[in-house]
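# Architecture and fold: a report
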Amino acid sequence: MTEPEATLPSGEAAATRIQGIARNIHQQLETVIFGQTQVIDLLLISLLSEGHVLLEGLPGTAKTTLVKCLGQLLQLNFNRIQLTPDMLPAEITGTSVYDLNTRSFSFKQGPIFTDLLLADEINRTPPKTQSALLEAMEEHQVTADGQKNELSPLFTVIATLNPIEMEGTFPLPEAQLDRFMMKINISYPTEGAEKQMLSEFAKGAGNRYLYQRHLSPVASREDILECRRLLGEIAVEESILDYILKIIQDTRQNPNVELGCSPRSALSLMAASRAHAAIRGQGFVSPDNVKAVASSVIRHRLILTAEAELDEL
């Protein structure tokens, strides 16, 4: 009589599946985006936990290339909006168009109707246009002429952001910022990573074409939807919930903070912690998982007091 095969607990089995998919995506991205391992990790965590992302970095740090490559690897419907100071909200969401044949208005969908939306240089367009994304990011729908138009179940916004000190930028409204799960800062690559990039250029594989030539799809939209479902099996103990709650409440009680984190922040921190545990093969969330993502989830939601700003706290 043969003994039955040992089966993993549901949380560990889910984590193993998620880890395998995330590892394949990560390895492919690192063949194009050099020296940004942590950035890639955080981007995958947000995608798996149904979160939108702000990518902040100086021009030329591969923000746009990173998002394009991600869309190609996952075979997602991908649209890009180049945001400008004169862009109107309808250019993002869509508009009603009069049909002479039917003598009626019909809704023409804008670029927001996609799986992965790259909102390039989001802070170069005024708050009125930025606000066009509010309903879509929270409710996955666009309301036009009283009709609700559903978005893709995979709808994700990844917005690139120039540092606010740069000329021609507008601050993002607090309500807009709070809808982004994470703000990920992209810095310059290390000397070794930059040399590797130059080496690829020297071989004739220029970076603007590299992602088209060397990337093969390693996962599908169904795989991402499966990972999102499996994340619910990653265990979160009550002590971890208390830990997350303490972090969020401390931001509201800190005398140097004028506006602390919202309840949405707590949900984002828990979801991101779960995804961080899963891509490391853990069937449960630990305090280390929370610490690893807390800064990226919280930093863009805090408004410091004037005194704290002056003291550069």
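Everything discussed here concerns the structure shown above.
Okay, so let's go over this structure. Treat the numbers as computed from the prediction; the structure is a model and nothing was measured.

### What to know about the environment of Asn162
- As for its placement among the helices and strands, Asn162 is situated in the loop between β8 (156-161) and α7 (174-178).
- Each C-alpha atom, one on Asn162 and one on Arg124, is 8.2 Å from the other, the two residues being 38 residues apart in sequence.

### Quick look at the pattern of salt bridges
- Tallied over the entire structure, the rule returns 11 salt bridges.
- The salt bridge partner of Arg17 is Glu226, with a shortest N-O separation of 2.9 Å. Of this pair, Arg17 sits in helix α1 (residues 10-29) while Glu226 sits in helix α10 (residues 221-230), and the two are 209 residues apart along the sequence.
- For Arg17, a relative accessible area of 35% puts it in the partly exposed group.
- Overall, the relative accessible area of 24% leaves Glu226 in the partly exposed class.
- Residue Arg301 pairs with Asp178 through a salt bridge whose shortest N-O separation is 2.7 Å. Placement of Arg301 in the loop between α13 (287-298) and β11 (303-304) and of Asp178 in helix α7 is noted, with a sequence separation of 123 residues between them. Here Arg301 matches Asp178 in class, with each residue buried.
- Beyond isolated ion pairs, a larger network of salt bridges with shared partners links Glu138, Asp178, Arg264 and Arg301.

Calculation rules
Residues numbered from 1 in each chain as written. Predicted model: local features only at pLDDT ≥ 70, side-chain atom pairs only at ≥ 80, totals over all residues. Heavy atoms only, no water. Helix = DSSP H or I, 4+ residues; strand = E, 2+ residues; numbered from the N terminus. Salt bridge = Lys/Arg side-chain N within 4 Å of Asp/Glu carboxyl O. Buried < 20%, exposed > 50% of the residue type's maximum accessible area, 1.4 Å probe, protein only.

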